[in-house]
Amino acid sequence: MNTNDVKRKEIFSAIYEEGAWGQSKDPSTPFYSGSGSHDASISSAYIQSVQGFLGTFSKKPSAVDFGCGDFSIGSQIRPLCGQYIACDIVPKLIYFNKNKYQKLDVDFRLGIL
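Residues numbered from 1 in each chain as written. Predicted model: local features only at pLDDT ≥ 70, side-chain atom pairs only at ≥ 80, totals over all residues. Heavy atoms only, no water.

Peer 1: Teacher, can you tell me more about the pairing of strand β2 (residues 84–88) here?
Peer 2: Consecutive side chains along a regular strand alternate between the two faces of the sheet. Burial analysis of β2 places five of its five residues in the buried class, the great majority of the element. With burial as the criterion, each face of β2 is covered, one bearing Y84, A86 and D88 and the other bearing I85 and C87. Strand direction decides the pairing type here: strand β1 (residues 63–66) and β2, joined by four bridges, are parallel. Opposite D65, over in β2, you have A86 as the bridge partner. Inspection of the sheet shows β2 paired to strand β3 (residues 107–110) by four bridges, in the parallel sense. (Buried < 20%, exposed > 50% of the residue type's maximum accessible area, 1.4 Å probe, protein only. Helix = DSSP H or I, 4+ residues; strand = E, 2+ residues; numbered from the N terminus. Pairing = 2+ DSSP bridges.)

Peer 1: Honestly, the packing of aromatic side chains in this entry has me stumped. Any pointers?
Peer 2: Any pair of aromatic rings gets described here by the distance separating the centres and the angle formed by the planes. Overall, the coordinates contain nine aromatic pairs when judged by the stated rule. Considering the side-chain rings of Y16 and W21, the 5.5 Å spacing of their centres and the 85° angle between planes classify their relative orientation as edge-to-face. Overall, Y16 belongs to the buried group, its relative accessible area being 8%. For W21, a relative accessible area of 36% translates into the label partly exposed. When the centroid spacing of 5.6 Å and the interplanar angle of 50° are considered together, the rings of F31 and F96 count as tilted. A residue pair is termed long-range when its members are at least 10 positions apart, and F31 in the loop between α1 (3–18) and α2 (35–38) and F96 in helix α5 (residues 91–100) qualify at 65 residues. Among the residues examined, F31 registers a relative accessible area of 11% and is labelled buried. Judged by relative accessible area, F96 falls into the buried class, the value being 19%. (Phe/Tyr/Trp six-rings, centres within 6.5 Å; stacked < 30°, edge-to-face > 60°.)

Peer 1: For this particular structure, what's the right way to read the nonpolar core?
Peer 2: Nonpolar side chains in soluble globular proteins tend to be buried together. One finds C68, F71, I77, Y84, A86, V106 and F108 to be the most contacted residues of the largest nonpolar core, which totals 15 residues. Those elements giving two or more residues to this core turn out to be α3 (40–54) and β2. Top contributing element to this core by residue count: α3, with three residues. Non-local contacts of V106, meaning those with residues more than four positions away in its chain, are made with F71, R78, Y84 and A86. In this structure, Y16, I89, V90 and L93 belong to the second largest nonpolar core, which totals six residues. (Core = buried A, V, L, I, M, F, W, Y, C linked by side-chain atoms within 4.5 Å. Contact = heavy atoms within 4.5 Å.)

Peer 1: Honestly, empty space enclosed by the protein in this entry has me stumped. Any pointers?
Peer 2: Gaps between atoms show up when a probe of the same size as a water molecule is rolled over them. For the coordinates displayed, the defined rule picks out one cavity of 30 Å³ or more. When its volume is computed, the largest cavity comes out at roughly 30 Å³. In this structure, the largest cavity is lined by Y16, G19, G22, Q23, P30, F31 and Y32. Here the lining of the largest cavity is built from residues that sort into four nonpolar, three polar and no charged. (1 Å grid on protein atoms, 1.4 Å probe; cavity = no way out; pocket = protein on both sides within 12 Å on 5 of 7 lines; lining within 4 Å. Points joined across faces, edges and corners; volume = space filled by probe spheres on them. Nonpolar A, V, L, I, M, F, W, Y, C, P; charged D, E, K, R; others polar.)

As structure tokens, this is what we get:
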């Protein structure tokens, strides 16, 4: 991991730890990727567009989600995909997502963005 990767990891870890993008209303969810991931008036058009696109395939396509964050959006499109790999740079977030979404059959990976 080079110096820039370490800095990005530290920056994004601090964003989640400090709640810079806001806080979840659910106290059992310590990670929150912001209103862009949770406010339906912001995210619904994107989710519907991706769901529509994924629905055009005769076979569920595999997907890679770079910067999966708290996986609020990814969890809504996951059912339309075959293999699903979700990556983020924040180790604690990936660990949390692996536990929270274990029933969705997602391969969460720590990755450099």
